[in-house]
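Observations on the three-dimensional arrangement
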Amino acid sequence: MESSRCAEVSSGVGYPSAGHSHRAALILARGGSKGIPLKNIKNLAGVPLIAWVLRAALDSEVIDSVWVSTDHDEIERVAKVWGAKVHRRSPEVSKDSSSSLETIQEFIRLRPEVDIVCHIQATSPCLHPHHIREALQMITEQGYDYVFSVVRRHQFRWEEVDKKGCKNTTPLNIDVAHRRRRQDWPGELCENGSFYFSTRKAWENGLKQLGKIAYYEMLPEYSVDIDVDIDWPVAEQRVLRFGYFGREKNVAVRLFLCKVSGCLTNGQIYTSVSGEDLVAINARDLAGIQRLQRENIEVILMSNVNEPLSRSLLKKVAHQAGCGLWFGKQLKGFEMEQLMEKKKLRWDEMAFMGSESEDREILAQVGLNGVPCDSPVANLIAAKYTCQRPAGNGAVCEFAEYILMLKKKSLLEVHEDRIDRANF
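Residues numbered from 1 in each chain as written. Predicted model: local features only at pLDDT ≥ 70, side-chain atom pairs only at ≥ 80, totals over all residues. Heavy atoms only, no water.

1. Concerning the packing of aromatic side chains
Tallied over the full model, the rule gives ten aromatic pairs. Centroid distance phenylalanine 256 to phenylalanine 399: 5.7 Å. Interplanar angle 65°. Geometry classified as edge-to-face. Here phenylalanine 256, found in strand 10 (residues 255–259), pairs with phenylalanine 399, found in helix 11 (residues 395–411); they are 143 residues apart in sequence, far enough to count as distant. Look at phenylalanine 399 and you get buried, because its relative accessible area is 0%. Counting every residue linked through ring pairs, the aromatic cluster contains Phe256, Tyr385, Phe399 and Tyr402. Against the face of tyrosine 144 rests lysine 212, its NZ or CZ located 4.5 Å from the ring centre. One Lys or Arg, arginine 311, reaches over the ring of phenylalanine 327 and ends 3.7 Å from the middle of that ring. (Phe/Tyr/Trp six-rings, centres within 6.5 Å; stacked < 30°, edge-to-face > 60°. Helix = DSSP H or I, 4+ residues; strand = E, 2+ residues; numbered from the N terminus. Buried < 20%, exposed > 50% of the residue type's maximum accessible area, 1.4 Å probe, protein only. Lys NZ or Arg CZ within 6 Å of the ring centre and 35° of its normal.)

Next up, the structure:
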C-alpha cells in the first residue's frame, strides 16, 4: 500500500476556499533542454516522454484542466495530440535562467479561474493517476497548502571536502562504528521531483509562506527521473514494468493486423530486368511475425484498393511471411466488424499497425496500436506505441516484441510484479 505520511509547519495561511476549486495540472516543457535535446518529446518505450505524465493526469479524474507550458512548436503539437491544452509561454520565462516558479506565476496570472496548480515534471514517467488523486486530496480535503513527492532512500551520506586540503570527511547520517542494517533503519526522505502541488495563493506569494506543508511518499519503483541520456535505457525498462499504460486493462492480443505498404515494406517497388515488380522484406520483421504465431497470436496482412502492390505480389509477401492476407475496400470500421464477427473477437483483442491517415479510424478503435516512426499518421494520433525503427526496417518486429512484452506483463500476478521492500 502506498504511503502518504506527512510533515507539516504552520504560518497562518488559510485553507483553499470552500466549494469545488479548479485544479489545473501544469507540465513545463521548454524546447531548449541542454542535457537531451527536446527530451520531453523523445520516445520512451514507444511513447513521447511527456505523454506518460499527460496520460496519468488526464485519467486521474480529479484534474479539471491539463496544460503544457512550452515555447516550442513541436512540443505544442505533441501536447495537443495527447489531449493537453497549451500555454505558450513568453520569452521572458523561456530563458536558460528562468525558474519553474516564474513560469508557473505567469501561467496563473493568465488563468484567473485556477485555484490549485499541480506542477508535474515531464521527466517522471512512472507517475500513476492514483498518485495524483491521493496527493491532491491532501489539499482539497485535508487542508494542506503545499504537497510534494518524496521517495525513501537508504544511503549513507558524507561531508564533501576540498580534495586539495587536509581535512577529513565526516559522516552526516551514519555512525561508522555502528553501521546500521537496512532493516533497522527507516532511511531518509528525499524529493524525487515527480510533482509539486500548491494553492494559487502560495504560488502567487513565491512559495515564501506555505502554510501547511506535507510530503507524499512514492515507492522507489515509481521514482524515475530522467536528466541525462544515460538514464534513458534504465528508465525505459522501469516504465515498461511500472509505468501507467492507460485505463484499459491489459487484454492479451489474439489477432495482429498489419498493413503491407508503409509497415511491412517501406513503400518502394523495384522492377526486375524482366519487368516483374519486387519488394524487399526485412528478415527481422518476418522473425517477429513468427514469434507472434508461436505465441498463438494470429497475424493477418492487410491491404485496400489504394495498395500500390499488385494482388499477386501481395500473395507472395503473405506466403513469405507465413500468414493470412485480407483485402478490404477502405479498411473502415464496418469491414473490421465483419472480420471480428468472423473471428469471434472484440476490438480490445486486436492489435493494428498502420501508417497512413486513412488508418486513423482503425488505429483509434483497436486495443493496441502501433506506427512506424516515419509514417505520416505518427504525427496525427497519440499512438500507444511509436516504433524507433522505420517501415520495412524492423518496425514490425519491434512492435511484435512490444505486444509479447505486454502479454507477459498481463499474465503476471500482482505479487510477482512487486518489489520486495526489504531487499530493494
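Having put the structure on the table, let's press on.
2. With respect to the pattern of salt bridges
Summed over the entire model, instances satisfying the criterion amount to 21 salt bridges. When the shortest N-O distance is used, the salt bridge between arginine 247 and aspartate 59 registers 3.5 Å. With arginine 247 in the loop between helix 6 (231–242) and strand 10 and aspartate 59 in the loop between helix 1 (49–58) and strand 4 (65–70), this residue pair connects regions lying 188 residues apart in the sequence. Judged by relative accessible area, which is 52%, arginine 247 ranks as exposed. In this structure, the salt-bridge partner of arginine 88 is aspartate 73, at a minimum N-O distance of 2.7 Å. Note that arginine 88 is positioned in strand 5 (residues 85–88) and aspartate 73 in helix 2 (residues 73–81), a separation of 15 residues in sequence. Taking the relative accessible area as the measure of exposure, aspartate 73 reaches 55% and is therefore exposed. Through salt bridges that share partners, Asp73, Glu76, Lys80 and Arg88 make up one connected network. (Salt bridge = Lys/Arg side-chain N within 4 Å of Asp/Glu carboxyl O.)

3. So, the environment of isoleucine 281
Locating isoleucine 281 in the fold gives a position in the loop between strand 12 (277–278) and helix 7 (283–294). Overall, the relative accessible area of 23% leaves isoleucine 281 in the partly exposed class. Here the alpha-carbon distance between isoleucine 281 and glutamine 320, two residues 39 residues apart in the chain, equals 9.0 Å. Ignoring any residue separated from it by four or fewer positions in sequence, one finds isoleucine 281 in contact with Leu264, Leu286, Val317 and Gln320. (Contact = heavy atoms within 4.5 Å.)

4. With respect to the sheet that holds strand 8 (residues 188–199)
Spatially, 5-4-1-6-8-7-9 is the arrangement adopted by the seven strands of the open sheet, whose pairing is mixed. Looking along the sheet, the strands with just one partner apiece sit at the ends: strand 5 and strand 9 (213–218). Across the sheet, the axes of successive neighbouring strands diverge by a mean angle of 30°, strand direction being ignored. (Pairing = 2+ DSSP bridges. Axes fitted to C-alpha atoms, helices over the stretch in contact; angles between N-to-C directions.)

5. Considerations on the pairing of strand 13 (residues 298–303)
Counting buried positions over the six residues of strand 13 gives five, a clear majority of the element. The pairing of strand 10 with strand 13 spans five bridges and is classified as parallel. By the bridge assignment for strand 13, phenylalanine 256 is matched with valine 299. Relative to strand 14 (residues 324–327), strand 13 runs parallel, the two sharing four bridges. Each residue of the ladder has a partner; that of methionine 302, found in strand 14, is tryptophan 326.

6. Description of the confidence of the model for the chain
When pLDDT is averaged along the chain, the result is 87; 89% of the residues meet or exceed 70. A low-confidence stretch, residues 1–18 (pLDDT under 50), is modelled with 45 contacts involving residues beyond four sequence positions or located in other chains. Low pLDDT (under 50) marks residues 413–417, which in the prediction has five contacts with non-local residues, meaning those over four places away or in another chain. (pLDDT = per-residue confidence, 0-100.)

7. Here we look at the sheet that holds strand 15 (residues 350–353)
One open sheet accounts for six strands, arranged 14-13-10-15-16-17; its pairing is parallel. The strands lining the two open edges of the sheet, one partner per strand, are strand 14 and strand 17 (385–386). Note that strand 16 (residues 368–371) and strand 17 share two bridges and pair parallel. Residue pairing in the sheet places valine 371 in a bridge with threonine 386 of strand 17.

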